[in-house]
Amino acid sequence: AAQSASTATLVKTSTLNCTGSPVSYSVNSTANITTYSWSVFPTKDLVAFTDLNTATISLTFSSTAHHTVYLNYTDNAGANGIAITPLTVYQSPKSSFNASFNAPGFPTDLILTNYSKNFTANFWSFSDSEGDSALNTSKSYTTSGNYTVTLLSFGDKGCKDSASYDFVISNA
């Protein structure tokens, strides 16, 4: 009797396809796969990857592009197969800002200037109060303490980044 060929499907296990973030795949198969050989084309801007001979793979890219992910495999019956899936990588934003005070001690204003790149929206998060979605903002501090401000930058297709600044305000 003729053996039927096994089939395999690549399953993306990560939720986002963003530059700088790992994109992970596993495989579903109708047979027990015994050997794996992953590849991606083009390899331009592929900056990190896990072992290419395991049941899962994680790929990290530094720039946007359209890629194809391939898995060449052999099942326990000795049959060879290939599974293919397209992958589009989207640009992540890069959060960056400047923080400066208008006076030493307190009261003082923290002046925040956004220098982020490739973002469509942003949000300032303050450790001691509600946030702000303005491009640039300032915040008044009237008591000494340890504080943190975080800038969240949001890009296309759910890509995001953040940058934080920890600081101390004292009356000394």
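Residues numbered from 1 in each chain as written. Predicted model: local features only at pLDDT ≥ 70, side-chain atom pairs only at ≥ 80, totals over all residues. Heavy atoms only, no water.

Chemist: Honestly, the confidence of the model for the chain in this entry has me stumped. Any pointers?
Modeler: In low-pLDDT segments, the atomic positions of the prediction should not be examined closely. Averaged over every residue, the pLDDT of the chain is 92; residues scoring 70 or more account for 97%. Confidence, expressed as mean pLDDT per element, reaches its minimum in the chain at strand β11 (residues 129-132) with 91 and its maximum at strand β10 (residues 121-126) with 97. (pLDDT = per-residue confidence, 0-100. Helix = DSSP H or I, 4+ residues; strand = E, 2+ residues; numbered from the N terminus.)

Chemist: What is the right way to read the sheet that holds strand β5 (residues 57-61) from this model?
Modeler: Picture the strands of a sheet paired through backbone hydrogen bonds; they go either parallel or antiparallel. In spatial order, the strands read β1-β2-β5-β4; together these four strands make up an open sheet with antiparallel pairing. Edge strands, defined here as strands with exactly one partner in the open sheet, are β1 (8-12) and β4 (46-49). Here the average twist between neighbouring strands, direction ignored, is 30 degrees. (Pairing = 2+ DSSP bridges. Axes fitted to C-alpha atoms, helices over the stretch in contact; angles between N-to-C directions.)

Chemist: How should the pairing of strand β6 (residues 65-75) be read in this particular structure?
Modeler: Along any regular strand, the residues point their side chains to alternate faces of the sheet. Relative to β6, strand β3 (residues 33-41) runs antiparallel, the two being bridged by eight bridges. Looking at β6, one finds that serine 39 is bridged to tyrosine 70. Of the strand pairs in this sheet, β6 and strand β7 (residues 80-89) are connected by 10 bridges, and their pairing is antiparallel. Looking across to β7, one finds that valine 69 is bridged to threonine 85. As consecutive antiparallel partners, β6 and β7 are separated by four residues, and within that stretch glycine 78 has a phi angle of approximately 90 degrees, a positive value.

Chemist: Would you mind going over the nonpolar core with me for this structure?
Modeler: Most often, soluble globular proteins have nonpolar side chains that are buried together. If you look at the biggest cluster of nonpolar residues, it comprises 18 residues, and the most contacted ones within it are Leu10, Tyr25, Val27, Trp38, Val69, Leu71 and Leu87. In this view, leucine 71 contacts Leu10, Val27, Tyr36, Ser37, Trp38, Gly81, Ile82 and Ala83; residues no more than four positions away in its chain are not counted. Core analysis: the next-biggest nonpolar cluster, separate from the first, contains 12 residues, Phe97, Leu110, Val149 and Phe167 among them. (Core = buried A, V, L, I, M, F, W, Y, C linked by side-chain atoms within 4.5 Å. Buried < 20%, exposed > 50% of the residue type's maximum accessible area, 1.4 Å probe, protein only. Contact = heavy atoms within 4.5 Å.)

Chemist: Which parts of the structure should I look at to understand unusual backbone geometry?
Modeler: Apart from glycine, the bulk of residues carry a negative phi angle, and the bulk of peptide bonds sit in the trans form. A cis amide bond links phenylalanine 41 to the next residue, proline 42, at an omega of -5 degrees. Positionally, proline 42 belongs in the loop between β3 and β4. Even without glycine at this site, aspartate 45 takes up a positive phi of about 70 degrees. Counting through the fold element by element, aspartate 45 comes out in the loop between β3 and β4. Overall, the relative accessible area of 24% leaves aspartate 45 in the partly exposed class. Of note in this structure, asparagine 118 is not a glycine but carries a positive phi near 60 degrees. In this fold, asparagine 118 is placed in the loop between β9 (108-114) and β10.

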